[in-house]
Amino acid sequence: MAAGCAVGPDYARPPVEEPSLFQSGGAGEPGPTVPTDWWRLYSDPELDRLIASVHASNQTLRQAVARVDQARALARVAGSFLYPTITADPSFSRTRYSGNRRSTITGLKVQTGRTLNDYRIPFDLTYEIDVWGRVRRSFEAARAQAAASADDLGVVRLTVETDVAQHYYFLRSLDAQAQILTETVVSYREQVRVLSVQLRTGLVSPIVLNQAQAQLQAALAQQRDVGRARADLEHALATLCGRPAPSFTVAANPLHEAVPPTVPPGLPAQLLARRPDVAEAEQNVVAANAQIGVATAEFFPRFTLTATAGLQSADLSALFTWQSRAASVLPSVSIPIFEGGRLRANLEATKAFYRQTVAAYVNQVLIAYGDVEDALTDLAAFADEVGFLREAVSASQNYLRLAQSQFKYGLVDYLIVIDAERTLLANRLSLAQAVNHHMAASIQLVKALGGGWDPSENGPPR
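Everything quoted here is computed from the prediction, not taken from an experiment. (Residues numbered from 1 in each chain as written. Predicted model: local features only at pLDDT ≥ 70, side-chain atom pairs only at ≥ 80, totals over all residues. Heavy atoms only, no water.)

Caption draft 1: Inspection of the side chain of Glu280 at higher detail. With respect to the helices and strands, Glu280 occurs in helix H6 (residues 276-297). Buried within the structure, Glu280 lacks any salt-bridge partner; Arg67 is the closest side chain of opposite charge, at an N-O distance of 7.9 Å. Residues contacting Glu280, with those up to four places away along its chain left out, are Ala148, Asp151, Asp152 and Val155. (Helix = DSSP H or I, 4+ residues; strand = E, 2+ residues; numbered from the N terminus. Buried < 20%, exposed > 50% of the residue type's maximum accessible area, 1.4 Å probe, protein only. Lys, Arg positive; Asp, Glu negative; His and termini not counted. Salt bridge = Lys/Arg side-chain N within 4 Å of Asp/Glu carboxyl O. Contact = heavy atoms within 4.5 Å.)

Caption draft 2: Inspection of the packing of helix H4 (residues 206-240) against helix H8 (residues 414-448) at higher detail. Look at H4 against H8: their axes get within 10 Å of each other, and the N-to-C directions meet at 10°. Taken together, the axis directions place H4 and H8 in an arrangement best described as roughly parallel. When H4 is examined against H8, the residues Val208, Gln211, Ala212, Gln215 and Gln222 are found in contact with a partner set consisting of Tyr414, Leu415, Ile418, Glu421, Arg422, Leu425 and Leu429. Partitioning the contact of H4 with H8 into residue classes produces seven nonpolar, three polar and two charged. (Axes fitted to C-alpha atoms, helices over the stretch in contact; angles between N-to-C directions. Parallel < 35°, antiparallel > 145°, perpendicular 65-115°, else oblique. Nonpolar A, V, L, I, M, F, W, Y, C, P; charged D, E, K, R; others polar.)

Caption draft 3: Region of the structure containing the nonpolar core. Membership of the largest hydrophobic core comes to 83 residues, with the highest contact counts inside it found for Trp38, Tyr42, Leu47, Tyr169, Leu237, Tyr361 and Val372. Taken together, the elements giving at least two residues each to this core come down to helix H1 (45-57), helix H2 (59-80), helix H3 (134-200), H4, helix H5 (271-274), H6, helix H7 (342-408) and H8. Of the residues forming this core, the biggest block, 18 residues, is contributed by H3. Discounting residues that sit within four places of it in the chain, Leu237 has contacts with Leu50, Val164, His167, Leu171, Phe248 and Val250. Among the nonpolar cores identified, the runner-up in size contains six residues, and Ala71, Phe139, Ala142 and Ala146 belong to it. (Core = buried A, V, L, I, M, F, W, Y, C linked by side-chain atoms within 4.5 Å.)

Caption draft 4: Broad picture of the pattern of salt bridges. The full count for this structure, using the stated rule, is 22 salt bridges. Put simply, Arg302 and Glu128 hold a salt bridge, and the shortest N to O gap is 3.7 Å. Taken as a pair, Arg302 in strand E4 (residues 302-313) and Glu128 in strand E3 (residues 114-129) lie far apart in primary sequence, 174 residues in all. Judged by its relative accessible area of 31%, Arg302 is partly exposed.

Caption draft 5: Focus on the environment of Leu50. Of note, Leu50 is situated in helix H1. On the basis of relative accessible area, Leu50 is assigned to the buried category, the value being 0%. When the C-alpha atoms of Leu50 and Asp225 are compared, they prove to be 25 Å apart, with 175 residues separating the residues in sequence. Setting aside anything within four residues of it in sequence, one finds Leu50 in contact with Val164, Tyr168, Leu237, Cys241 and Phe248.

Caption draft 6: Quick look at the packing of aromatic side chains. Tallied over the entire structure, the rule returns seven aromatic pairs. Residues Trp38 and Trp39 carry aromatic rings whose centres are separated by 5.8 Å and whose planes lie at 80° to one another, so their mutual orientation is edge-to-face. The same class applies to Trp38 and to Trp39, which are both buried. Judged by centre distance (6.0 Å) and plane angle (50°), the rings of Tyr42 and Tyr169 are tilted. (Phe/Tyr/Trp six-rings, centres within 6.5 Å; stacked < 30°, edge-to-face > 60°.)

Caption draft 7: The packing of H7 against H8, seen in detail. Put simply, H7 and H8 touch, their axes get as near as 7 Å, and they point 160° apart. Looking at the two axes, H7 sits roughly antiparallel to H8. Note on packing geometry: the crossing formed by H7 with H8 is left-handed. Among the residues making up the contact of H7 with H8, the classes are represented as 25 nonpolar, 10 polar and seven charged. (Left-handed = near helix turned anticlockwise from the far one by under 90°.)

Caption draft 8: Structural view of H8. Over its 35 residues, H8 extends 50 Å from the first C-alpha to the last, a length consistent with the 51 Å expected when each residue adds 1.5 Å. Between the side-chain oxygen at the start of H8 and the backbone nitrogen of Leu415 there is a gap of 2.9 Å, and the oxygen is on Asp413. One or two positions beyond H8, positive phi appears at Gly450, with a value near 95°. (Expected span 1.5 Å × (residues − 1). Polar contact = N/O pair within 3.5 Å; in protein donor to acceptor, adjacent residues only side chain to side chain.)

Caption draft 9: Representation of a nonpolar patch on the surface. Taken together, the side chains of Val333, Ile335, Ile337 and Phe338 define a hydrophobic patch exposed on the protein surface, amounting to about 510 Å² of accessible area. Take Ile337: it is sitting in the loop between strand E5 (325-334) and H7. Exposure remark for Ile337: the relative accessible area of 79% places this residue in the exposed category. (Patch = residues over 30% accessible without salt bridge, like charges linked within 9 Å, V, L, I, M, F, W, Y side chains within 5 Å. Areas by Shrake-Rupley, 256 points an atom, 1.4 Å probe, with all protein chains shown as cover.)

On their own, these measurements won't tell you what the molecule is for.
In structure tokens:
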């Protein structure tokens, strides 16, 4: 009967408003679960290799795994208090009593000293009878904290995986920009060479050559900056993969054309089971709710059973005989009478912390909804932007071709050619950046939907 009683509130999930569908996209129907190896949707062997390296060597991920192991071990520690504590404490003492002492029985002075041996092999048992559920609520809180730690591992793993994917595609975007600038620099160098010859023959003025040289130097500066950015990004990718930057390289692979995979967002209510950060926030609420029960149980008497059984003898030869047995049982009760308001203040603090976790949980759900809406909005916007920029690049190529043709026949000033070249370069670079943003938005949608997190893998310890 005592084991069935546990003070404090039983857990109930805090209510959260659940929209019927996402405004920025989706068919308003349940979507399929994102696969655990979600990165394979992008069909890129190099990305697969990088993610495998992350799983094997990322140090942030290893820290999170160790935190899970620690939390689960602490949960087992909390669960151990559900059972009695039994210890064996063998001891031996040899005591020499003074010959000038007074007898504790007669009060008279004894005539001789005495040496006594005492051999003891006791087995001690201590057990708190969990009448009010204090121990069970503590175990419930520890299990929830262990589950939250496991969910946090899911958050860390998904964050690292998506960071690697976004870094990788950004790297490929920089490769595309570097290729565009390399082609442009070659073209500009040839243009400066031709104009230098034309200047010596009097066909053009010095101002035309200066304009071409300035344009070449600006392109060289852009090329150098892209190279610097790529090196820095490669170093960051090395850290994510758990590799030293000096020995880590990713081969150049320009990203000019890419179509991200389709990932249906499903319904907003599905996020409550998809996102590891939402699950972690809920487990924090479970733990805080259980701690209210622990704090409430402190107001009630605590029943403890202490028992000792074993062997005791003055002679080692007689220690293991039936006459050497000894035992004692000491049930006790501790009743709180006056604590100076400490118990009530502790309960109020625990309830306040519970309200904090509820607010954090609701806020995390709202953040999840916002993340998906942002990703869907960005995905659609960047898809349109890529289409517009492709048309802009095509028009810019025609613009440059016509400008060069008309300048050749003296119909336009060289400034028109300069403007056409700058326009084409800017639009080509913008297109490469937009393709990267489109891929990044797709990866962000995967992350917003919880990636390949599987809640069944993160069950609490028994």
